[in-house]
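Chain and residue survey
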Amino acid sequence: MSRVCKRSGPACTDRPLSDRAVRAKFDAWRHVVASCLGPRARLKQVRNGVGGRVSTTSTCSVLLAAVPPSEPLLKLLTACVLQHVQRFGDAGLFAAVLGLSLVDQVTRRGSDSSTAVRVHQRLLELCDLYLTSADCCAKVEVDLGSCRSLLALAHSGVSSKPACGLDPAETQQVSALLLKAFLQTIPCGSTDTVRLGETVVVGVEGEAVENSAVFPGLLLDVPEMLHSGDLERLGPGPYKLALFSASLSGDLSERGNMEIHTGTDPEAALLEKLLKVGEQVVRDCATLFLCQKVIHPVLQQYLRERGVVVVERLGIAMLEQVTSMTGAQAAATSHTPVPAEAFGWVEALSIQLCGTRKMLHLQPTANPAVCTLVLCHRNESMLDELKVTCKRVQHVLQLALKDPVALLGGGCMETHLSAYIRHLSRRDAAEMASDLDCSPQEFLLAADGFCRSLEAAAQALEHDGGLVLMDLNYGHCWVCPADEELDTSTLLSCSCGLINSSAGMEWTTLGSTHPDFCPRPPPGDSTARACVLDSFPAKRNALNVAVEIASLILDVKYVIRDLN
Amino acid sequence: MSRVVPSSSSRGQHVGLQQLAALTTAAHAFLGPSKRYKFIVDDGGRDSALVCSGFRLLENLDLTCSVGQLLNEAVQAHQRAFRSGTGSLLFLAGAWGKAALECLRQGIAVPHILAGMSEGLDVCLQVCRERALSLEDLLKAGQRDSPQPRPRLLSATSRKIKLTHSRHFGSVETQNSALQQKCLQDADLSYVATLVSHGCNDAMSLVLEAGRIQSAMSGKCDTFHSFDIDKVATCVLPGPSEEHSCALPGYVVHLTDERAFLIERLAGRLQIVLLNGDLSESYRHVGFCNPPGLRYVSDALDVHRVGGEEEWMDGVLGTLAKLGVGVVFVTGAACRKLTDRCWRCDILVVERVRPAVLRDFAGATGAVPVAYASQLSKRCVGSGVRVRPWRRCGASPRAESLAVTVTAERAALVTVVIASPVRSKLQALEDRFWGCAHRLHHALEDGKLLPGGGVVELQCVRQLRERMKGPAEQTKCGRPKGPYVAIVLQGMINGLMDYVSTVMCNSGLFSSKADAWAAINNQLKETDVTSVGAGVAGLDLSDQAECESAAGETGRAYDNTSVKVEAWRRALDLVFLVLQTDAEIITGIDIEDRKWQHDGLMFL
């Protein structure tokens, strides 16, 4: 007899943003995310309720993936931000902070959300137009002919994550290594379709950061049975390589129920089949035998006795790298012989010592485009953060290759953009208001909220009570530390480093009312260079994501939850 | 649902740093040469552990907070890498954490604390670089001090005397000089060992004994580097008194039953095979899994059919007999029935052999480790193994057992047997042995040592004070140095002073920490005046002698350079991580759970 359960009806929240509990969660999230922003960020220790591993981080992708919000609207936001980070690698926190600030600005003023959304969309168009225009002053060209701006881009990316625990010299070294690794992934042959190679990151815990290094090709964990003498006996390269994605452990991989007569021995039969594969591979003169999964010990022994270097349990990620570097095709079955064209080639084999970890180094034959970045760090938590950071920076550098432009970092882009939009909206208030079907006052209020949100993103970079200023000439961001008296004569340069302080400059504290001004392009002297740079594509998309998701959240009238 | 626990609040309150300070206080008793045991008993009173080192303490605690877990992670990582120095790591993590807390309380911003402490650590590391003494210089100084054979390590000297009269070195001068050279080098090793023994003379003499056996086995004369820590294993022996601890060539195996008296049957040189994994019919290599729905069916009713296991055992025995194997090493468990049958055929099966030992025997005997007995062939068999009875031991007359040594001709493996009548002390004794072994190992690796007993720390204090007074030009950004640098550095100085005074107090030189602190302060003032040029690189033993006279006659102790530097770095890493953290986020909690029903918490 089945039991009948009474279904409870769905719960509906009317105008969720007016609910105090929801607002409190929004505020908590804004606080958490904003405090993770920038090189002086406050870190978060994340663990689960049953005492799992603790990760100390201020990285968006780690934090948002580990902490699922309970509020549906916030879930929406984190999902969007995570997707953005997946595509662009960077500026996730910026998107989250901006999105949450926009929502906060509108709800706090209690203004009409639909008008606000329309104004936001319009201003976003203006931002986009300005950022992509040739005379935009918030961006700089990335000169691909020299490594200076690429290095600045990498350096900004590495130094923005304090949980990596690097001192200035180490930051410089890791940035240089990242750039070196990136340059090695650019194929040098001029074929029709250029495909960027990849950097594989290997972490070694317990070693000094200065032992980190870049190797062309791939590094695999050395199989226990391999000795350096075995490699010497191989003679000169290149070496033929057989690659398997199928498990060669010799078990019955079929699913479901099976009946076997007691007279037969399926294991022996399977092993015989495996040995036939081994026999064929040896006959085809392969020197390397790699498998994504487990290889039966008997097959391993058979191959080793015939001078073949065997590596098992590569993992799916490494399998892809080996495929692209050696040209081998991974065999998905052990039932058919390996076709001749499925073998790959490796130029040289050697054993590298990365700190205490012994690794087998596979060097590519021609066009390398694959390299391995070995990262060493004393502390496991710091190493984890460093690995994530390095992958992020690699992503940013790749994007810069496609679109060689970078945005000013350190909050300067945000303040500059805010000043520009403020100027435009004041100038054309009447015209735009009639376009958007609202009163000029409503338009100015919503525009003010938009600019304040941008400023809030710049403000969030300062966590130690310092005073954040904006100059009234170029609209750049300046920081005066908390324990120093506010004296504008002590200000030397803006946060991004492009503008040096000069006589006759005026400042205002960020967020206060100031006279209207149109930010000027930076002075033309070539000595000053921006030293803090952000990824242009990542940040531009983040701006879009933030405004879109804020609009969506502001548009939600009901939240309906199925309670069953 | 996730919960945010704020760890820092506005005015000098930082829960994380407070937790760090609280957790590390428990390890203060483990500093210095005379360590005190701690009993850890769980709430129910059923489980207890006797610990005598920082890492064992943390290992046995139930650490619920994130800071505790981070601390444990860092300490265990350091222990894995160096096997010593966790005491100073723990102490300084706590002491410098307290310093950071004090800075916060005085309203210094986090970036300034970070910058100040990094600067302070740089000063300390510079002191370590300058004060490190090379082993050669230390040995020269040691000879100058004591032309007589060095005291302390009695077993070392006694062994030496025995060798001089040994018959093997029968004739005349050439042999004699070679012997002298060997003795000298042997003595050098002993001398270095005394420097880093840190009061554990018994454990250190075991290390030296192991080293001596190693060099005798390898037949090499360059004893200076002969201590190979990878070729040392330990074996704990509950029952006999601690004096029965010793080092033996080869691998020590317990034979725990009636087999013991049949050991004579395993005489002469034997052949060996090595098996990775279990020796049983059902064992399959890692990664092998048959689908769960597999069933064996039969069309004949055959109740008398011999089991698969019997068949398998016959096969294995047949293979072993054919290959003429005398000893089988298995890393996993071995099937009991098979072991018995092997024994009847004079084959010794040893189970649960550590992989490192297996590797060593593979290298020494030429045996190739395999996963299954069916894989065994002539190529896999190693030779030249001997089994010798060592001593009879047993907790009770009924459970009589025999310990035997398994040796291979070219193997340098030495097993150190650690005996104690108190079973719960065995782990601490074993840790102590490994601590000594690694200190000696690091000393030989680094080729230099740091004066211990707080001398380097006091030198750091002096240099940090200089830096506090120093001119402002060192700042990097061009701004004048703020007053905060002095406060931060003073915090670090206090941490180091606390360390030295705890060491002195623990070693019984002073009755209280305050006395120790005052005495050190006086000493520092004096040396500030007298030795203006102190702290220059090189052998500056006079300076050290002064510090020692302040500390009383502790004997000269030295520390490993690499271990100390790393411990300091890791301690500060930890402080930085915790200091920069403003919240702990706990995910996946049930909001209905009463445990989380507190006020003032943020839920996400």
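The structure displayed is predicted, hence computed values, not measured ones. (Residues numbered from 1 in each chain as written. Chains lettered and ligands numbered in written order. Predicted model: local features only at pLDDT ≥ 70, side-chain atom pairs only at ≥ 80, totals over all residues. Heavy atoms only, no water.)

1. Here's the deal with the overall build of chain A
Under the convention used in this document: Each helix is a run of DSSP H or I of at least 4 residues and each strand a run of E of at least 2, with the numbering of both proceeding from the N terminus. Each residue's exposure class comes from its accessible area (1.4 Å probe, protein chains only) as a fraction of the maximum for that residue type: buried when under 20%, exposed when over 50%, partly exposed otherwise. The contact criterion used is simple: two residues touch if any of their non-hydrogen atoms lie within 4.5 Å. Where accessible areas are quoted, they stem from the Shrake-Rupley method and a 1.4 Å probe; at the residue level, only the protein chains shown are allowed to cover.
Secondary structure summary: chain A contains 16 helices and 21 strands in total. Within chain A, buried positions represent 54% of all 564 residues. Expressed as a percentage of contacts within chain A between residues at least 6 apart in sequence, the contacts between residues at least 24 apart total 75%. Accessible area for chain A stands at about 24,500 Å²; split by element, carbon and sulfur atoms hold 52% of it.

2. Quick notes on the confidence of the model for chain B
Note the threshold: Confidence of the predictor at the level of single residues is given by pLDDT, which spans 0 to 100.
Of all residues in chain B, 77% attain a pLDDT of 70 or more, and the chain-wide mean is 78. In the model, residues 529-554 of chain B has pLDDT below 50 throughout and makes 42 contacts with residues more than four positions away in sequence or in other chains.

3. Quick notes on the interface of chain B and chain A
Quick note on the threshold: Between Lys or Arg on one side and Asp or Glu on the other, a salt bridge is scored when a side-chain nitrogen of the former is within 4 Å of a carboxyl oxygen of the latter. We call two N or O atoms a polar contact when they sit within 3.5 Å, provided that within protein one can donate a hydrogen and the other can accept it, with sequence-adjacent residues counted only if both atoms are side-chain atoms. Side-chain classes are defined by residue name, with Ala, Val, Leu, Ile, Met, Phe, Trp, Tyr, Cys and Pro counting as nonpolar, Asp, Glu, Lys and Arg as charged, and the others, Gly among them, as polar. One requirement defines pairing of two strands: DSSP has to find at least two bridges between them.
If you look at the interface, chain B gives 60 residues, while chain A gives 65 residues. For the interface between chain B and chain A, the tally reads six salt bridges. Notably, a salt bridge pairs Arg80 of chain B with Glu205 of chain A, separated by 3.9 Å at the nearest N-O pair. Put simply, chain B and chain A have 16 residue pairs in polar contact (both at pLDDT 80 or more) between them. Contributions of two or more residues to the side of chain B that touches chain A are made by α3 (66-82), α5 (110-131), β9 (294-297), α18 (561-580), β17 (581-587) and β18 (602-603) of chain B. Grouping the constituent residues of the side of chain B that touches chain A by class yields 32 nonpolar, 14 polar and 14 charged. For strand β2 (residues 43-48) of chain A and β17 of chain B, the ladder comprises six bridges, and the chain directions are parallel. Following the sheet pairing, Lys44 of chain A is matched in β17 of chain B by Ala583 of chain B.

4. Some details on the pairing of strand β14 (residues 357-363) of chain A
Residues and elements named next belong to chain A. Strand direction decides the pairing type here: strand β7 (residues 218-221) and β14, joined by four bridges, are antiparallel. Bridge pairing links Leu220 to Leu360 in β14. Looking at chain direction, strand β13 (residues 348-354) and β14 are connected through seven bridges and run antiparallel. Among the inter-strand pairings, Cys354 is bridged to a residue of β14, identified as Arg357. The hairpin formed by β13 and β14 contains two residues between the paired strands, and Gly355 there has a positive phi angle of roughly 65°.

5. Examining the side chain of Asp90 of chain A
Residues and elements named next belong to chain A. Structurally, Asp90 is set in the loop between α3 (72-88) and α4 (92-109). A residue is classified by how much of its surface remains accessible, and Asp90, at 15% relative accessible area, is buried. Ignoring sequence-local partners within four residues, the contact set of Asp90 consists of His84, Arg392, Val396, Ser535 and Ala538.

6. What to know about unusual backbone geometry
Negative phi values dominate among residues other than glycine, just as trans dominates among peptide bonds. A positive phi angle, close to 65°, is found at Asp437 of chain A, a residue other than glycine. With respect to the secondary-structure elements, Asp437 of chain A resides in the loop between α14 (429-435) and α15 (440-459). In this structure, Arg83 of chain B is a non-glycine residue whose phi angle is positive, near 65°.

7. Brief notes about the pattern of salt bridges
Following the criterion strictly, the structure yields 45 salt bridges over all chains and no others. Between Lys539 of chain A and Glu414 of chain A there is a salt bridge, and its shortest N-O distance comes to 2.9 Å. With Lys539 of chain A in helix α16 (residues 536-555) and Glu414 of chain A in helix α13 (residues 412-427), this pair connects stretches of sequence that are 125 residues apart. Comparing Lys539 of chain A with Glu414 of chain A, the two get one shared label, buried. One salt bridge in this structure joins Lys513 of chain B and Asp498 of chain B, with 3.0 Å as the shortest N-O distance.

8. Examining the packing of aromatic side chains
Each aromatic ring pair is characterised by the separation of its centres together with the angle its planes make. Using the following cut-off: For Phe, Tyr and Trp, where Trp contributes only its six-membered ring, two rings pair if their centres lie within 6.5 Å, and the inter-plane angle classes them as stacked under 30 degrees, edge-to-face over 60, or tilted in between. When the NZ atom of lysine or the CZ atom of arginine is within 6 Å of a ring's centre and also within 35 degrees of its normal, the charge is said to sit over that ring.
Scanning the model with the defined rule gives eight aromatic pairs over all chains in all. Ring centres of Phe329 of chain B and Phe361 of chain B lie 4.9 Å apart, and the angle between their planes is 70°; on these two criteria the pair is classed as edge-to-face. Residue Phe329 of chain B is found in strand β10 (residues 327-330), and its partner Phe361 of chain B is found in helix α12 (residues 355-365); the two are separated by 32 residues along the sequence. For the residue pair Phe329 of chain B and Phe361 of chain B, the accessibility class agrees, reading buried in each case. Three or more aromatic residues joined by ring pairs form one cluster here, namely Tyr251, Phe329 and Phe361 of chain B. The lysine or arginine in question, Lys539 of chain A, covers the ring of Phe94 of chain A, its NZ or CZ lying 4.8 Å from the ring centre.

9. Points about the state of the cysteines
Residues and elements named next belong to chain B. Put simply, the rule is: Pairs of cysteine sulfur atoms within 2.5 Å are what we label disulfides.
The full count for this structure, using the stated rule, is zero disulfides over all chains. No disulfide involves Cys380; its nearest neighbouring cysteine sulfur is the one of Cys342, lying 17 Å away. Cys380 gets classed as buried once you look at its relative accessible area, which sits at 1%.

10. Focus on the nonpolar core
In a soluble, globular protein the nonpolar side chains are often hidden away together inside. Which entries qualify depends on this criterion: The nonpolar core is taken to be a set of buried Ala, Val, Leu, Ile, Met, Phe, Trp, Tyr and Cys residues, with the residues joined through side-chain atoms within 4.5 Å.
Within the largest apolar cluster, 132 residues are counted, with the highest numbers of intra-cluster contacts made by Phe26, Phe443 and Leu543 of chain A. In contact with Phe26 of chain A, not counting residues within four places along its chain, are Leu17, Glu71, Leu73, Leu74, Leu100, Val103 and Ile553 of chain A. Counting residues in each nonpolar core, the second largest holds 75 residues, with Leu17, Phe91, Ile113 and Cys128 of chain B among its members.

11. Thoughts on the packing of α3 of chain B against helix α4 (residues 86-105) of chain B
Residue and element names in this part refer to chain B. What counts here: Axes, fitted as lines to C-alpha atoms, cover a helix only where it is in contact. Angles between the N-to-C directions of the axes lie from 0 to 180 degrees. For classification purposes, an angle smaller than 35 degrees is called roughly parallel, one larger than 145 roughly antiparallel, one from 65 to 115 roughly perpendicular, and anything else oblique. Handedness of a crossing is defined here by the sense of rotation of the near helix relative to the far one, left-handed for an anticlockwise turn of less than a right angle and right-handed for a clockwise turn.
One can describe the packing of α3 onto α4 by two numbers: an axis separation of 10 Å at closest approach and a directional angle of 150°. Classed by the angle they form, the pair α3 and α4 counts as roughly antiparallel. Regarding α3 and α4, the two cross each other, and that crossing is right-handed. Along its contact with α3, which presents Leu71, Ala74, Val75, His78 and Gln79, the element α4 presents Thr86, Leu89 and Leu90. Its residues assigned to classes, the contact of α3 with α4 shows five nonpolar, three polar and no charged.

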